[in-house]
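# Analysis of the macromolecular model
Here's the letter readout for the chains.
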Amino acid sequence: MDEVDRIVAAWRHERPDADVSPMEVLSRVSRLAQYLDGLRKQAFTSVGLEPWEFDVLAALRRIGEPYELSPGQLVAATHVTSGTMTNRVDRLQRKGLVERRPAPSDRRGVLVRLSTRGRERVDAALDALLTHEHELLADLDSDERATIADLLRDLIEPFAGPSA
């Protein structure tokens, strides 16, 4: 029995009229999410990044060469407001992790491009994160991983929007 089993058993004892079975899954997902947030912070901090910095840099890195997006595309990829994105790009530019350049197709537009330093930093952060994630899943075989991934995909699908 784990902590969730004990909580569910207590609720079943105190509220036999309530179907608390969703807690068996979702309380574990919640606890796992908290643990994963800690792993992410640890991995990113090890290379001098904040989680939000990784999110922006990763969106640029994943898009492929020349590793650039418009601010609007970055907003869509990271699910923040345009004002927040402007602030984030400003901060990343001051650190030398991204560059702004004029959009060739729009004289008023700009593109945000991942710098060489930014690419090195996001790659290092990804490597650190994947090390932690592989360790977390080490006791599961590939079929178990695929089953969990499929079930979680089905569970989250009604809430997921398009992503980059």
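Residues numbered from 1 in each chain as written. Predicted model: local features only at pLDDT ≥ 70, side-chain atom pairs only at ≥ 80, totals over all residues. Heavy atoms only, no water.

- Looking at an unreviewed UniProt entry, one finds the protein named MarR family transcriptional regulator and attributed to Aeromicrobium piscarium.

## As for the overall build of the protein
- Check the secondary structure of the protein and you find seven helices and three strands.
- Start at the N end of the protein and walk to the C end: the helices and strands fall as α-α-α-β-α-α-β-β-α-α.
- Here the protein has a C-alpha radius of gyration of 20 Å; the compact-globule value for 164 residues is 15 Å, and the former is much larger.
- Taken over the C-alpha atoms alone, the protein extends approximately 65 × 30 × 30 Å along its principal axes.
- Counting across all 164 residues of the protein, residues that qualify as buried make up 27%. (Helix = DSSP H or I, 4+ residues; strand = E, 2+ residues; numbered from the N terminus. Rg over C-alpha atoms; globule rule 2.2 N^0.38 Å. Buried < 20%, exposed > 50% of the residue type's maximum accessible area, 1.4 Å probe, protein only.)

## Remarks on the nonpolar core
- Core analysis: the biggest nonpolar cluster contains 28 residues, and Leu49, Leu57 and Leu74 have the highest contact counts within it.
- If you list the elements that add at least two residues to this core, you get α2 (21-45), α3 (51-62), α4 (71-78), α5 (82-94), β3 (106-114) and α6 (116-136).
- Examining the composition of this core, we find that seven residues originate from one element, α3, more than from any other.
- Setting aside its immediate chain neighbours within four residues, Leu74 contacts Val56, Ala59, Leu60, Leu69, Met85, Val89 and Val112. (Core = buried A, V, L, I, M, F, W, Y, C linked by side-chain atoms within 4.5 Å. Contact = heavy atoms within 4.5 Å.)

## Looking at the pattern of salt bridges
- The final tally for this structure, using the stated rule, is 13 salt bridges.
- Residue Arg15 is joined to Asp17 by a salt bridge in which the shortest nitrogen-to-oxygen separation is 2.8 Å.
- The class for Asp17 is exposed, based on a relative accessible area of 60%.
- Between Arg61 and Asp123 there is a salt bridge, with its nearest N and O atoms 2.8 Å apart. Residue Arg61 is located in helix α3, and its partner Asp123 is located in helix α6; the two are separated by 62 residues in the primary sequence.
- A residue is classified by how much of its surface remains accessible, and Asp123, at 25% relative accessible area, is partly exposed.
- A network of salt bridges, in which partner residues are shared, links Asp2, Asp5 and Arg28. (Salt bridge = Lys/Arg side-chain N within 4 Å of Asp/Glu carboxyl O.)

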